[in-house]
Amino acid sequence: MTVALDVKAAPAADWAELARRARLRRRATTALLYGVLALGSLPILVPYLWLFTVSVSGRTGASTTVLWRTLAILMPALLAWSILRVSIVEPRRLLWTQLALAAVTLGALAVVTGPYLHAQNWRFLWNSNIADTLKGASGVGGAFPSVWTAFGNSLILALTQMTLVVIVSTLAGYYLSRFDFPGRAATLKGLLLLHAFPAMTLIIPIFLLMYWIGLLDTLTGVVLVIAALELPFAIFVMKGFFDAVPWDIEMSAMTDGASRRQAFYMVVLPQVKAGMLAVAVFAFLRGWEEYVFVRTLLFQKTNWTMSLYLFWMYEDVMGTDYAMVSAIGVFYVLPSIVLYVMCQKYLTQMSFGGIKG
Amino acid sequence: MARIELKGVAKRWGDVTAVEPTDLAIEDGEFVAILGPSGCGKSTTLFMLAGIYVPSDGQILFDGAEVNDVEARDRNVGIVFQSYALYPHMSVLDNIKFPLRFKKVGADEAERRARSAAQLVQVSELLDRRPTQLSGGQQQRVALARALVKEPKLLLLDEPLSNLDASLRLTMRSEIRGLQRKLGVTTILVTHDQVEATTMADRVICMSKGRIEQVGTAEDLYHRPGSLFVASFIGSPPINLLEGSASGRALRVGQAELALAGECGGAVVLGVRPEQITLGSGPLRGRVVDTEAHGRETFYHLDTPLGPLRALEAGAKARFAMGDALTFGLGHGLLFDPDTTRRIDGCVLESAVQ
Ligand SMILES: Nc1ncnc2c1ncn2[C@@H]1O[C@H](COP(=O)(O)OP(=O)(O)OP(=O)(O)O)[C@@H](O)[C@H]1O
Ligand SMILES: [Mg+2]
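These numbers come from a predicted model, not from an experiment. (Residues numbered from 1 in each chain as written. Chains lettered and ligands numbered in written order. Predicted model: local features only at pLDDT ≥ 70, side-chain atom pairs only at ≥ 80, totals over all residues. Heavy atoms only, no water.)

### A few points about the sheet that holds strand S15 (residues 307-314) of chain B
Remark on secondary structure: sheet strands pair via backbone hydrogen bonds, oriented parallel or antiparallel. Residue and element names in this part refer to chain B. The following threshold applies: Any two strands with at least two DSSP bridges between them are considered paired. Working definition: helices are DSSP H or I runs of at least four residues, strands are E runs of at least two. Numbering for both runs from the N terminus. For helices, the fitted line uses only the C-alpha atoms of the stretch in contact; every axis is such a line through C-alpha atoms, and the angle between N-to-C directions lies from 0 to 180 degrees.
Spatial strand order, S15-S14-S13-S16: 4 strands in an open sheet with antiparallel pairing. In this open sheet, the two edge strands, each paired with only one partner strand, are S15 and strand S16 (325-330). Neighbour to neighbour, the strand axes of the sheet diverge by 50 degrees on average, direction disregarded. Where strand S14 (residues 297-304) lies against S15, 8 bridges are found, and the strand directions are antiparallel. Among the inter-strand pairings, Glu 297 is bridged to a residue of S15, identified as Ala 314.

Right, dumping it as structure tokens:
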């Protein structure tokens, strides 16, 4: 039984023409994609750009001259860049044209905005009692703390809270992943429920609780509260990472002579490093950004965190020096950005699960 | 090296019984294989020996001393898991060295021993790689080196060859066998591949549903299976099993009357291996339904008065074609009790070959 295929019946395809059309289509799609993405990210980027340009150029008020000039240069540059990306195929030439474009853009920026730039708005960094030196200052009464006190407090808050969350969620996640105990299912359900619960509704009971146990107006109190709120989800994430680590490498370690604890540290923990890093980054950012609980639970000026410093600066000098508020904003957001950039490589691997292939 | 003994060892999880109470002794330096279908409790048995699971019942003895409560890390057992279980974050060398970290072995000595273990399984060129950068066969060798480096009393291999391709499997089979002879370590191999079990091990333990069905040499299991399960599990193509009834020295199967050597009565199951059917001569008549060429041998499906039969004949060329009528005889045939599923001793088919 044979089926004869009549090859001649099919018209001879013009492969070159088909390939040319496919290439064209691919390029058009890429160009469109770049265009849409660039346009879509504009509303997200402009506020940041506003904050930054005002912080380095504003004089008491917020002048948007520099912002518009920057945009006037950046937008065409971006457009030119997306056209370059799709039209030039050869890698070396692409690199050089890109470098040239960058140089031209930077040069143009320097010429157009250069005369407006100054560092006056950043003087809060070295002038410790900044609010008193401003006109009509001190709605909070008394001296403003140094920005470095607030920075230090924020750092302590974020780091201790992060450490606490990472340690507890790692141990709890491991236990939930590996051991069966009465109430395990209920615990897992409870964790999810706790995460879904809006924390704001707890402000008054937490305030009372802190008052009763004497942790009101201490960083320790805030650390404990934020860690407690952050933990359910962190535990859940860590449990997922541990679930992805096969049992047998643990069993293997134990037959190789390790105790359960040694097997955990030497063999299991290295497999969930990515998870621990993710939990750490998110916990740090949560502590760094915290506003609601520090606002309600901390009163003394020496306990201020960056968010409170920013708030009071805004309350006190708004209308007087709104460029400096922008500078503080930039200063406040900088550590988060640095952290993201440093960990980005590991965080993007996270979606692949606990163990890298 | 150790003599291993199991006395009434059982493992249960709630209502699930993975291993029924089992008695077994394995001699010092012996190579045994545990053979059985998926889920019959092979791995569970192995894990109990390694100390990963604690038996629900019974005693495990190493050289006559009970080790039930001895932790896995103190048993000095080398184990190769089915998945190899290499540590993904360590280089091959660190993987092999890992067990030595827990022994009082100096750094230089550990390095030397790890390298010689690597040499033994021929992975010396791969020492700096990560496990993910190795092929399945290489990973398996590394796992073997890691199990051997601590000079274990007992080597446990849980389906170590199941992930390999056919030709590599053949090579590794003889390599593992050779290594075991050289080192003289008591070894238990778990597999559901009967050829692997019978070619590698001195003795084969055939398990089914958590129970040991039979222990014996490959020859014993093939020619003198103790039960219907062993008879049908061992051998490929599988044995022909035909229901019949016996009275005295006569056996009736389907429309055929056969003679027995020895007396028995009642319902029986007759088991005949495919190669025990001689085609072309004999007192019985049948018809060829289908033929399959298997290279060195040819496999026939027959329609006979006894019922459908599978027959195997050496020779690449089929002597009979589909639809041919032929005569045939039965050589060695075994009888089983259908109620107890055990083989009936002292009663076999009288050879009907001419
Ligand atoms: N932790 C456990 N809890 C409950 N039942 C289990 C557990 N581990 C194994 N079992 C059951 O015990 C039986 C034997 O399992 P085991 O892993 O020993 O099978 P096996 O013979 O190794 O099978 P395979 O060839 O598929 O590896 C199975 O029915 C399994 O479902
Ligand atoms: Mg198994």
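Next comes the rest of the description.
### Notes on the site of ligand 1
Residue and element names in this part refer to chain B. The cut-off we apply is this: Distances are taken per atom, and a residue is near a molecule or strand as soon as one of its heavy atoms is within 4 Å of it. N or O atoms closer than or at 3.5 Å make up a polar contact, with two conditions inside protein: a donor-capable atom paired with an acceptor-capable one, and, for residues adjacent in sequence, both atoms drawn from side chains. Surface accessibility follows the Shrake-Rupley procedure with a 1.4 Å probe radius. Residue values consider only the protein chains on display as shielding. Polarity classes work like this: nonpolar for Ala, Val, Leu, Ile, Met, Phe, Trp, Tyr, Cys and Pro, charged for Asp, Glu, Lys and Arg, and polar for all others, with Gly in that last group.
Close to ligand 1 lie Trp 13, Ala 18, Ser 38, Gly 39, Cys 40, Gly 41, Lys 42, Ser 43, Thr 44, Glu 159 and His 192. Within the contact set of ligand 1, an oxygen atom lies 3.1 Å away from a backbone nitrogen or oxygen of Cys 40. One of the side-chain N or O atoms of Thr 44 is found 2.5 Å from an oxygen atom in ligand 1. Its free accessible area being 630 Å², ligand 1 has 63% of it covered by the protein chains. Per-element accounting of the shell around ligand 1 gives the leading share, 3 residues, to helix H1 (residues 42-50). Looking at the shell around ligand 1, its residues break down into 3 nonpolar, 6 polar and 2 charged.

### Focus: the pattern of salt bridges
What counts here: Any Lys or Arg side-chain nitrogen located within 4 Å of an Asp or Glu carboxyl oxygen qualifies as a salt bridge. Categorising residues by exposure relies on relative accessible area from a 1.4 Å probe, with only protein chains included: less than 20% of the type maximum marks a residue as buried, more than 50% marks it as exposed, and the intermediate range marks it as partly exposed.
With the rule as written, the count across this model stands at 27 salt bridges over all chains. Linking Asp 345 of chain B and Arg 343 of chain B is a salt bridge whose minimum nitrogen-to-oxygen distance equals 3.8 Å. Taking relative accessible area as the criterion, Asp 345 of chain B reaches 64% and is therefore assigned exposed. Salt bridges sharing partners connect three or more residues here, namely Glu 17, Arg 20 and Arg 21 of chain A.

### Section: the packing of aromatic side chains
To keep things clear, this is the line we draw: Working definition: a ring pair exists when centres of Phe, Tyr or Trp rings (six-membered ring for Trp) sit within 6.5 Å. Plane angles under 30 degrees give stacked, over 60 give edge-to-face, the rest tilted. By definition here, charges over rings are those cases where NZ of Lys or CZ of Arg is within 6 Å of the ring centre and within 35 degrees of the ring normal.
Summed over all chains, the structure comprises 22 aromatic pairs over all chains. Here the aromatic rings of Tyr 174 of chain A and Phe 179 of chain A are separated by 6.3 Å at their centres, their planes lie at 75 degrees, and the arrangement is edge-to-face. Under the relative-accessibility criterion, Tyr 174 of chain A is labelled buried at 8%. In this structure Phe 179 of chain A comes out as partly exposed when scored by relative accessible area, which is 26%. Each ring, one from Trp 288 of chain A and one from Tyr 332 of chain A, has its centre 5.9 Å from the other, and the planes form 45 degrees; the classification is tilted. You can see Trp 288 of chain A sitting in helix H11 (residues 273-289) and its partner Tyr 332 of chain A sitting in helix H14 (residues 322-349), a full 44 residues away along the chain. Of the two residues, Trp 288 of chain A and Tyr 332 of chain A, both sit in the buried class. Taken together, the ring pairs in this structure connect Tyr 174, Tyr 175, Phe 179, Phe 181, Phe 242, Phe 264 and Tyr 265 of chain A into an aromatic cluster. When the ring centre of Trp 13 of chain B is taken as origin, the NZ or CZ atom of Lys 11 of chain B, which lies over that ring, is 5.3 Å away.

### Remarks on the UniProt feature "transmembrane region" (unreviewed entry) in chain A
All names here are of chain A. Test applied: UniProt positions are given in the numbering used here, feature names are shortened, and annotations may be inferred rather than shown by experiment.
UniProt annotation of "transmembrane region" (unreviewed entry) refers to residues 31-51, 66-84, 96-117, 155-176, 188-213, 219-242, 263-285 and 322-342 when read in the numbering used here. Here residues 219-242 is 100% helix and 0% strand, with 32 Å between the C-alpha atoms at its ends. In the segment residues 322-342, helix accounts for 100% and strand for 0%; the C-alpha atoms at its two ends are 31 Å apart.

### Concerning the domain arrangement of chain A
For interface size, the figure often reported is the accessible area lost on association. Under the convention used in this document: Residue ranges for the domains originate in an automatic or database domain assignment.
Per the domain assignment, the segments making up chain A are domain 1 (12-118) and domain 2 (130-356). If you average the C-alpha positions of domain 1 of chain A and of domain 2 of chain A, the two centres end up 36 Å apart.

### Let's talk about the interface of chain A and chain B
Test applied: Here, two residues are considered to be in contact whenever any of their heavy atoms come within 4.5 Å of each other. Buried area, as used here, totals the accessible surface that two parts lose on assembly, with accessibility defined by a 1.4 Å probe and the loss added over both.
At the interface, 17 residues of chain A touch 21 residues of chain B. Interface area, chain A with chain B, both sides summed: about 1700 Å², of which 63% is carbon and sulfur. Among the residues of chain A in contact with chain B, Thr 255, Asp 256 and Met 266 of chain A are the three that bury the most area, contributing 37% of the side total. Where chain A meets chain B, there are 2 salt bridges. Where Asp 256 of chain A meets Lys 150 of chain B, a salt bridge forms, and the shortest distance between an N and an O atom there is 3.1 Å. Joining chain A to chain B, the criterion identifies 10 residue pairs in polar contact (both at pLDDT 80 or more).

### Structural notes on the UniProt feature "domain: ABC transporter" (unreviewed entry) in chain B
UniProt records the feature "domain: ABC transporter" (unreviewed entry) at residues 4-234 of chain B, using the numbering of this structure. Taken end to end, residues 4-234 of chain B is 34% helix and 26% strand, and its first and last C-alpha atoms sit 26 Å apart.

### Considerations on empty space enclosed by the protein
Residue and element names in this part refer to chain B. What counts is decided by this rule: Only protein atoms enter the 1 Å grid used here, on which a cavity is any set of points holding a 1.4 Å probe that cannot leave and a pocket is any open set flanked by protein within 12 Å on both sides along at least five of seven lines; residues with an atom within 4 Å of a point are listed as lining. Grid points are joined across faces, edges and corners, and a volume is the space filled by probe spheres set on the points.
Considering all chains together, one arrives at 2 cavities of 30 Å³ or more under this definition. Taken together, Tyr 222, His 223, Ile 239, Gly 271, Arg 273, Glu 275, Gln 276, His 332 and Leu 334 make up the full set of residues lining the largest cavity. Across the lining of the largest cavity, the residue classes tally to 3 nonpolar, 4 polar and 2 charged. In this structure, the second largest cavity spans a volume of roughly 40 Å³. As for the second largest cavity, its lining consists of Leu 144, Leu 148, Leu 155, Ile 176, Leu 179, Gln 180 and Leu 183. Listing elements by their share of the lining of the second largest cavity, those giving two or more residues are helix H4 (136-148) and helix H5 (166-183). Broken down by element, the lining of the second largest cavity gets its largest block of residues, 4 residues, from H5.

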